[in-house]
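# Survey of secondary and tertiary structure
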Amino acid sequence: MGAVDLKVGGVVFGTILVFTLVANAIPQVQSDVPELIAFGAEVTAEELVAAGEGLFEGAGGCIACHAESAGARGPNLVTDYQGEGTIGQRCGDRIPGLDCKEYLYQSLTLPVDHLVDDYPPIMPALDRTMNPQQVWAVVAFLQSLGGEVTVTGADIPTEDAAGDAGGGLAAAGIPGVAGSDPVEIVNQECALCHLFAGGGIELGPPLDGLGARMTADEIRISILEPGAGVSEGYEELLGAMPATFGDRFTATQLESVVSYLSGLE
């Protein structure tokens, strides 16, 4: 029995060692996602503006398309735009019947309904990548750029209300990605900024043939940590892709998408 026990122990130890080595060989990438915000009813305008500024200029990726240097991707929201003033000054005059706060909120969550001039409809709805607290913080920051901040804690839904109204939106969390079919996920999420299978939007690099240009590990990293690098010819878009998919994808969804995209040759 002693010899048998030693053999069994050796097999168990060897199996554990193999799986440990395999697990350590898998790249561990930490996604830099927008900081979760949980404001109470007593939140101040200063707190909202500070949080919104961090999202706009940081992990939210807004400034990549809405700064003066962004070219034709989106209207400049940071300084004066075509002599009409800053966004906080002109937001209340954009749509009859909508005050500044409501206009900005709708522009962030229903961007296609509020296109400015001839800019392309490339902006995804912000509430797909941010929670309600984050969206309202960005609204407050935009109001502060030359205008009066009217966002208050009363505008932000409670955690229970956000969970009930969000259709899967975790209270005070980031909306997850629905579905398990990688083709559907790519169409719903990635084609908002990338050409794919005859459709999509031409903003970032096309996904067709991606497997011939990038390895599976490179694709995984580009999804989880898009700020780590940029494809040649798209340098000016660095920072435009939100770094939220590490939280929004389940492990199964992530690996199915990576496997699918790496097979597109």
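Just so it is clear, the structure is predicted and the values come from calculations on it, not from any experiment.

## Some details on the overall build of the protein
For the protein, the helix and strand inventory stands at twelve helices and two strands. Each helix and strand of the protein, ordered N terminal to C terminal, gives the series α-α-α-α-α-α-α-α-β-β-α-α-α-α. Within the protein, the fraction of its 265 residues that count as buried is 40%. Accessible area for the protein stands at about 14,000 Å²; split by element, carbon and sulfur atoms hold 57% of it.

## Digging into the confidence of the model for the protein
Averaged over every residue, the pLDDT of the protein is 78; the share at 70 or more is 77%. Counted against residues more than four places away or in other chains, residues 17–34, with its pLDDT under 50, gives 25 contacts.

## Details of helix 6 (residues 132–144)
With 13 residues, helix 6 should cover 18 Å at 1.5 Å per step; its first-to-last C-alpha distance of 18 Å lies within 8% of that length. Among the 13 residues of helix 6, twelve are classified as buried, and the element is accordingly described as predominantly covered.

## Describing the packing of helix 2 (residues 45–57) against helix 6
Close contact between helix 2 and helix 6 brings their axes to 7 Å; oriented N to C, the two are set at 95 degrees. One finds that helix 2 runs roughly perpendicular with respect to helix 6. Of the residues in helix 6, those in contact with Leu48, Val49, Ala51, Gly52, Glu53, Leu55, Phe56 and Glu57 of helix 2 are Gln134, Ala137, Val138, Ala140, Phe141, Leu142 and Ser144.

## Considerations on the side chain of Arg220
Topologically, Arg220 is positioned in helix 10 (residues 216–224). A residue is classified by how much of its surface remains accessible, and Arg220, at 12% relative accessible area, is buried. At 2.7 Å, the side chain of Arg220 and the side chain of Asp217 are in polar contact. Those residues in contact with Arg220, other than ones at most four positions away along the chain, are Leu254, Glu255 and Val258.

## Digging into the packing of aromatic side chains
For the structure on display, the rule yields four aromatic pairs. Taken together, a centroid distance of 5.4 Å and an interplanar angle of 50 degrees make the contact between Phe56 and Phe141 tilted. With Phe56 in helix 2 and Phe141 in helix 6, this residue pair connects regions lying 85 residues apart in the sequence.

How each quantity is defined
Starting from 1, residues in each chain are numbered consecutively following that chain's sequence as written. Local features in a predicted model are, by the rule used here, given only for residues with pLDDT of at least 70; side-chain atom pairs are given and counted only at 80 or more, and totals for whole chains, interfaces and linings are based on all residues. Only hydrogens and water are set aside when side-chain values are computed; all heavy atoms of the structure are taken into account. Runs of H or I in DSSP of at least four residues are treated as helices and runs of E of at least two as strands, each being numbered from the N terminus. Buried means the residue's accessible area, taken with a 1.4 Å probe over protein chains only, is under 20% of the maximum for its type, while exposed means over 50%, and partly exposed covers the values in between. Exposure was quantified through the Shrake-Rupley algorithm and a 1.4 Å probe, taking into account, for residues, occlusion by the shown protein chains and nothing else. For every residue, the predictor states its confidence as a pLDDT score lying anywhere from 0 to 100. For this analysis, residues touch if any pair of their heavy atoms sits within 4.5 Å. To estimate how far a helix should reach, multiply one less than its number of residues by 1.5 Å. Interaxial angle, 0 to 180 degrees, is taken between N-to-C directions of lines fitted to C-alpha atoms, where a helix line uses only the stretch in contact. In these notes the angle categories are as follows: under 35 degrees is roughly parallel, over 145 is roughly antiparallel, 65 to 115 is roughly perpendicular, and the rest is oblique. For this analysis, a polar contact is any N or O atom pair within 3.5 Å, provided that within protein one partner can donate a hydrogen and the other can accept it, and provided that sequence-adjacent residues contribute only side-chain to side-chain pairs. What counts as a ring pair is set by centres within 6.5 Å for rings of Phe, Tyr and Trp (its six-membered ring), and what kind of pair is set by the plane angle: stacked under 30 degrees, edge-to-face over 60, tilted for all other angles.

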